[in-house]
Amino acid sequence: MPDHYQWQGKTLLLHCQLQPRAANDEIVGIQGDRLKIRITAPPVDGKANQHLVALMAKWFGVAKSRVSIVRVESGRQKTLTIDAPQKIPREAAVGDAN
């Protein structure tokens with residue numbers, strides 16, 4: 001299993017590397033043990049975190065309330081949980097829950 005994600009029952013735990021102020025919102029792919037995500041929001045006043053939660057909710061087909069930032073290792077390295085994702089973006093390279 002790749003190191004960038006882990007299933008905890010039906011909850012997906014994702015280790016992410018963010019690139020704020022990007023030209024487009026996109027999942028780039030796996031970078032080391034993290035999923036690299038480019039977001040257009042600036043890392044100011046929590047805007048990048050709010051934008052990230054909204055994007056992940058959209059990409060994984062869940063309400064924003066089902067996406068949480070549970071750990072911030074540095075400003076750009078974050079760990080998220082997504083409760084019972086309804087779809088998995090191909091770029092995220094995440095296998096199905098058991």
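Details of the structure are given in the entry above.
Residues numbered from 1 in each chain as written. Predicted model: local features only at pLDDT ≥ 70, side-chain atom pairs only at ≥ 80, totals over all residues. Heavy atoms only, no water.

Enquirer: Can you help me understand the overall build of the chain in this one?
Expert: Helix and strand counts for the chain stand at one helix and six strands. Across the chain, helices and strands are ordered from the amino to the carboxyl terminus as β-β-β-β-α-β-β. Here the C-alpha radius of gyration of the chain, 12 Å, is about what a compact globule of 98 residues would show, namely 13 Å. Put simply, the chain has 98 residues, and 40% of those count as buried. Considering only intrachain contacts with a sequence separation of at least 6, the fraction spanning at least 24 residues in the chain is 47%. Within the structure as shown, the chain displays about 5,500 Å² of accessible surface, and the carbon and sulfur contribution to it stands at 43%. (Helix = DSSP H or I, 4+ residues; strand = E, 2+ residues; numbered from the N terminus. Rg over C-alpha atoms; globule rule 2.2 N^0.38 Å. Buried < 20%, exposed > 50% of the residue type's maximum accessible area, 1.4 Å probe, protein only. Contact = heavy atoms within 4.5 Å. Areas by Shrake-Rupley, 256 points an atom, 1.4 Å probe, with all protein chains shown as cover.)

Enquirer: Honestly, the pattern of salt bridges in this entry has me stumped. Any pointers?
Expert: Between side chains of opposite charge, pairing is possible as soon as their charged atoms come close. One pass over the full model with this rule turns up two salt bridges. The salt bridge partner of Arg-38 is Glu-26, with a shortest N-O separation of 3.0 Å. Highlighted residues: Arg-38 in strand β4 (residues 34-38) and Glu-26 in strand β3 (residues 26-31), separated in sequence by twelve residues. Arg-38 gets classed as partly exposed once you look at its relative accessible area, which sits at 27%. Residue Glu-26 is classed as partly exposed on the basis of its relative accessible area, which comes to 30%. (Salt bridge = Lys/Arg side-chain N within 4 Å of Asp/Glu carboxyl O.)

Enquirer: Got a minute to help me understand the nonpolar core in this structure?
Expert: It is characteristic of soluble globular proteins that their nonpolar side chains tend to be buried jointly. Ranked by internal contacts, the top residues of the largest apolar core, which has 24 residues, are Leu-12, Leu-14, Ile-37, Met-56, Phe-60 and Ile-82. Apart from the residues within four sequence positions on either side, Met-56 is in contact with Leu-14, Ile-37, Val-67, Leu-80 and Ile-82. (Core = buried A, V, L, I, M, F, W, Y, C linked by side-chain atoms within 4.5 Å.)

Enquirer: Just to check I follow, could you spell out the environment of Val-62 for this structure?
Expert: Examined against the element boundaries, Val-62 turns out to sit in the loop between α1 (47-60) and β5 (67-72). C-alpha of Val-62 to C-alpha of Gln-19: the two residues are 43 residues apart in sequence and 23 Å apart in space. Here Val-62 is in contact with Ala-57, Val-67, Ile-82, Asp-83, Ala-84, Pro-85 and Gln-86, once residues within four sequence places are set aside.

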